[in-house]
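Commentary on secondary and tertiary structure
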Amino acid sequence: MGLRCLRFGCALGLLLTVGPSGRPAVAGAQLAVERRLAAELQLRVGDTIRVGPAPDSLRSTLVVTAVYQPRPEPAAVMRRDRQIRMHLPDLAALLGHPDRVDRFGIALRPGVPAESAAAVLDRVAFGYRAHPSAEIASESSETFVVVSRFHRAIGVITVVAGAVFLLCIMLLKVEERRLDAAVMRFVGVRRRTIFAALLLEAAVVAVAGSTLGVAIAWIAGAATNAYYRRLFDTELVFSLVTPGIVGFSVVLSLALGLVAGALAAWRLVRTAPLALWSRA
Amino acid sequence: MALAWGVRSLRRHPLRTALSLAGIAVASAMLLDMVMLSGGIERSFERLLLGRGFQIRVSPKGTLPFDTEASIAGVTPLVRDLRADPAVAAAGPVLGASLYAARGDSLLPLFGYGIDPAAQGLYALTAGADLAPADTSGVILSRPAAAAFGVAPGDTLRILGGLDPQLAGAAAERRLVVRGLVRWIYDYRGQRSAGLVLPLMQRLSDAVRDDRASFVMLRATSDAAVPALVARLRARHPQIEVNSITELVAQFRQRLLYFRQLSYILGSVSLIVTVLLVATLLTITVNERLGEIATLRAIGVSRASVVRQVLAEGAALTLAGAALGVGLGLATARYLDAILTSFPGLPAAISFFVPEPAALATAGTVLLAAGSLAGLYPSWLAARAPVAATLRAEAT
Amino acid sequence: MSLLVARELAKDYPMNGQTVHALRGVSLVVAPGEYVAIVGPSGCGKSTLLHILGGIETPSSGEVTIAGTRLDTLSDRELTRLRLTRLGFVFQRFHLLPVLTAGENVELPMAEAGVPRAERRERVGELLAYVGLGSRRDHRATQLSGGEMQRVAIARALANRPALLLADEPTGELDAATGQEILQLFRRLNRDGATLVVVTHDERLAAEAGRVVHMLDGKVTAH
């Protein structure tokens, strides 16, 4: 999402505007267009389009031989890039650099480690560098690592806010029952019993609340995916509610509910019954 | 007096009030952060783009500056034509490309800016001297670049461009004198960048044949002249993209839609939490004080006065909580900004959380209004409390 | 001319599917300067009668007139204003606002009535001195004894110079000695021209009254 990434974005389609005018035209070559571009330009298989490296040099005519759906690319989802695919010699000729590419992929023989192969290539390289695919994947997903960290931070803040809110509400609710608690103590009910009853109530509320929360999260996640998929016209998944996430959330909310309930209940049962009565 | 009763009642249960204030403070902090986030990066981006006073960008058709590797051919006559417009105060072409510089036996990559030093809006000099307009033997470096190569103003650096792996050589090479160190406005943290005069950069990046540049920065004679100038240039040069900073920011905003939407959602949640907390606290305390309320009504205090005091209580709680939330919000904003500004390739000058006084004042007003309105239900309870029945219940 | 005229008051409450007749055809006339005590066993309707006389509760039937104004012709806002300016209430449980000081409790009705601050402050001093609590002005209500709280409540009831003072079991929460102090205060109030209607179990308080009204099962049995 940074400008640096934008600066070096290299969707093939945009390379159409690169290159000087006056290059030889390429005629009759084939190209495949991505689905969104085909929809926007109302292209079908068999149509002929003019392509060029600059707006004033659209001299090459190509035939659409396929419409394809590109693999969803998270880094490109916010951009409005459109892709086409051509045979490499045709594109190179169009751009006026018949023997130049930006990059190429290397498939290694089985058993050859990618890191060592890359290191060997780098030792003899001049003007290029070799990267294991895993390294590329890691670097290109750095943006999403940052987004994940941000989400996690928001999550922590939300949990803290929720915990404070929960403690406050529990305290208020338990204090409302001080008259009942006083009467129970007068008639001989033990502190332990009152504490356990309040804790059980807190647990029930926590379980019910977290169940409701999971349902809301699932609905919100589905709505988020539906909205952003429609907005960006993509098949990417934006929100994922996994069993692990559900489990963690339920355990955390249960723990917070019990702690809040225990604190509030402890505060009530440690107060003398007469004090509870007179405050009521 | 009735208002004093309402506000002072908050002191009767210090722990309860303290917890409520803590909850409101956290919610307020979140709201503050989301207000700062909602337009923060756009404002930051706009300030960055306008920082040197160049209000217009000219780029290859269908692209944004430095968005792709596309470039504009024939930039020299284009710039001459742009400068001829009476509303153009300055026009600075820029060519961005990869370069390499020698460090011992190895070559390290650099990002190169080809510029016209007399009309540039990309850097601020921090040490040494600037490039002269026709200085083809000088180079200016970012501090990370200078540190990587161990050079200072006055030293020489070997710069190469157009590396050919088959020939194992460079298409162009120069030994350049480091004139000065600069802070490149659009660089990310730690970026190694070099600045050369445009003709030299074109030679090093094989762009000289077509006289190419990545984009052109224009400074209009006044901000008011910008819209008309943009329209004029678009009509005169349909083969290029002309955008004012306002338009660039709008396009940028679309790319960062997610953050704006997130800020609206979380900001709304914060408001809801504040309303719920204040409403719950006030409802419980009103129920506890029904006897006092009935007494007030019995001795002649009007319903309106009772309602006012409950609303005042809600407002006081919200105000106090929000005041605590300001410091917390600024601290969490700094923390969250540190996370987001670590996006790879993001200019170091960009911030996501930008405190704008007007926006913060609006947020504070909305929060206060929400907290006050949260007292509507409990004040309704207080207003309709049955006086006689309550007094009877109190007496038994 | 009578200050208070109550005619054929009845009050019914629904309770557990049945109707409770709290008042059945009660009539009462109070002249200015009178001291009337209403006595009767618990549940006979004394407090209900007092609430209706003070406009806090509306009767199921009958009418109340205070200083020539029929209460059933007044809106809720007008009734509230009447209670503020023409009536004073003293409750069994004092009902002071615990977060306010003694002085602020007394000042509250005057502030509500729009009396200027300087005048309020001066009158608070007078009233607290009248009830013997001039030195306790700045003490919180919770810092006062039961008798002191009731005296502050009486001062509050007198704040806007009411035509009629209504008291519901004013000595109900007090010990004998403290009750005696309240008794003496009421005697002094009446001597100084206040019109009092007091609901009470306390025989001493009833004995101080110029007229005693007996109630039983929602009816007046003797004047």
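Keep in mind that what you see is a predicted model, and the values were worked out from it rather than measured.

How each quantity is defined
- Residues numbered from 1 in each chain as written.
- Chains lettered and ligands numbered in written order.
- Predicted model: local features only at pLDDT ≥ 70, side-chain atom pairs only at ≥ 80, totals over all residues.
- Heavy atoms only, no water.
- Contact = heavy atoms within 4.5 Å.
- Buried area = accessible area lost by both parts, 1.4 Å probe.
- Salt bridge = Lys/Arg side-chain N within 4 Å of Asp/Glu carboxyl O.
- Pairing = 2+ DSSP bridges.
- Helix = DSSP H or I, 4+ residues; strand = E, 2+ residues; numbered from the N terminus.
- Polar contact = N/O pair within 3.5 Å; in protein donor to acceptor, adjacent residues only side chain to side chain.
- Nonpolar A, V, L, I, M, F, W, Y, C, P; charged D, E, K, R; others polar.
- Axes fitted to C-alpha atoms, helices over the stretch in contact; angles between N-to-C directions.
- Patch = residues over 30% accessible without salt bridge, like charges linked within 9 Å, V, L, I, M, F, W, Y side chains within 5 Å.
- Areas by Shrake-Rupley, 256 points an atom, 1.4 Å probe, with all protein chains shown as cover.
- pLDDT = per-residue confidence, 0-100.

Thoughts on the interface of chain C and chain B
Contact residues are listed per partner, giving 27 residues for chain C and 25 residues for chain B. Taken over both partners, the interface formed by chain C and chain B buries close to 2400 Å², and the fraction arising from carbon and sulfur atoms is 62%. Taken as a group, His95, Val99 and Glu112 of chain C account for 23% of the area that chain C buries against chain B, more than any other trio of residues on that side. Linking chain C to chain B there are four salt bridges.

Description of the sheet that holds strand E2 (residues 18-30) of chain C
Across a sheet, strands are paired by hydrogen bonds formed along the backbone, either parallel or antiparallel in direction. Residues and elements named next belong to chain C. With respect to topology, four strands assemble into an open sheet ordered E2-E1-E4-E5, the strand pairing being antiparallel. Looking at strand neighbours, the two that pair on one side only are E2 and strand E5 (69-70), the edges of this open sheet. Pairing analysis gives five bridges linking strand E1 (residues 4-15) to strand E4 (residues 61-66), with the strands arranged antiparallel. Opposite Val5, over in E4, you have Thr65 as the bridge partner.

Describing the interface of chain A and chain B
Note: interface size is frequently given as the accessible area lost on complex formation between the parts. On the side of chain B, 64 residues touch chain A, which itself brings 51 residues to the contact. Overall, the association of chain A and chain B removes approximately 5200 Å² of surface from exposure, summing both partners, and the carbon and sulfur fraction of that is 70%. The partner of Glu288 of chain B in a salt bridge is Arg178 of chain A, with the nearest N and O atoms 3.4 Å apart. Counting across the interface, chain A meets chain B through five residue pairs in polar contact (both at pLDDT 80 or more). Elements that contribute at least two residues to the side of chain A that touches chain B include exactly helix H1 (3-7), helix H6 (142-175) and helix H8 (191-232) of chain A. Here the element with the most residues in the side of chain A that touches chain B is H6 of chain A; it accounts for 21 residues. Across the side of chain A that touches chain B, the residue classes break down as 29 nonpolar, nine polar and 13 charged.

Observations regarding the pairing of E2 of chain C
All names here are of chain C. Where E1 lies against E2, nine bridges are found, and the strand directions are antiparallel. In the sheet register, Leu4 faces E2, and the bridge partner there is Val30. Hairpin connection, E1 to E2: the antiparallel pair is bridged by two residues, and Asn16 has positive phi, about 55°.

Looking at the sheet that holds strand E10 (residues 219-222) of chain C
Residues and elements named next belong to chain C. As summarised here, the arrangement of the six strands in space is E6-E7-E8-E3-E9-E10, forming an open sheet in which the pairing is mixed. Of all strands in the sheet, those with a lone pairing partner are strand E6 (87-90) and E10, marking the two edges. Neighbour-to-neighbour, the strand axes of the sheet open up by a mean angle of 25°, direction not taken into account. Where strand E3 (residues 35-39) lies against strand E9 (residues 211-216), four bridges are found, and the strand directions are parallel. The partner of Ile38 across the bridge, within E9, is Val213. Contacting E6 and strand E7 (164-168), helix H5 (residues 146-157) runs over the sheet at an angle of about 170° to E6.

Quick notes on a nonpolar patch on the surface
Residue and element names in this part refer to chain A. Where nonpolar side chains cluster on the molecular surface, the patch consists of Leu179, Val183, Met184, Phe186, Val187, Leu274 and Trp277 and spans about 670 Å² of accessible area. Only helix H7 (178-186) and helix H10 (273-279) provide two or more residues apiece to the nonpolar patch. Its place among the elements puts Trp277 in helix H10.

With respect to the arrangement of the chains
Comparison of the two pairs of chains in contact shows the highest number of contacts for chains A and B. Spatially, chain A is disjoint from chain C: no contact exists, and the shortest C-alpha separation is 12 Å.

Focus on the confidence of the model for chain C
Looking at chain C, the pLDDT average stands at 92 and 100% of residues meet or exceed 70. On the interface metric, ipTM, the complex scores 0.84, and its pTM is 0.79.

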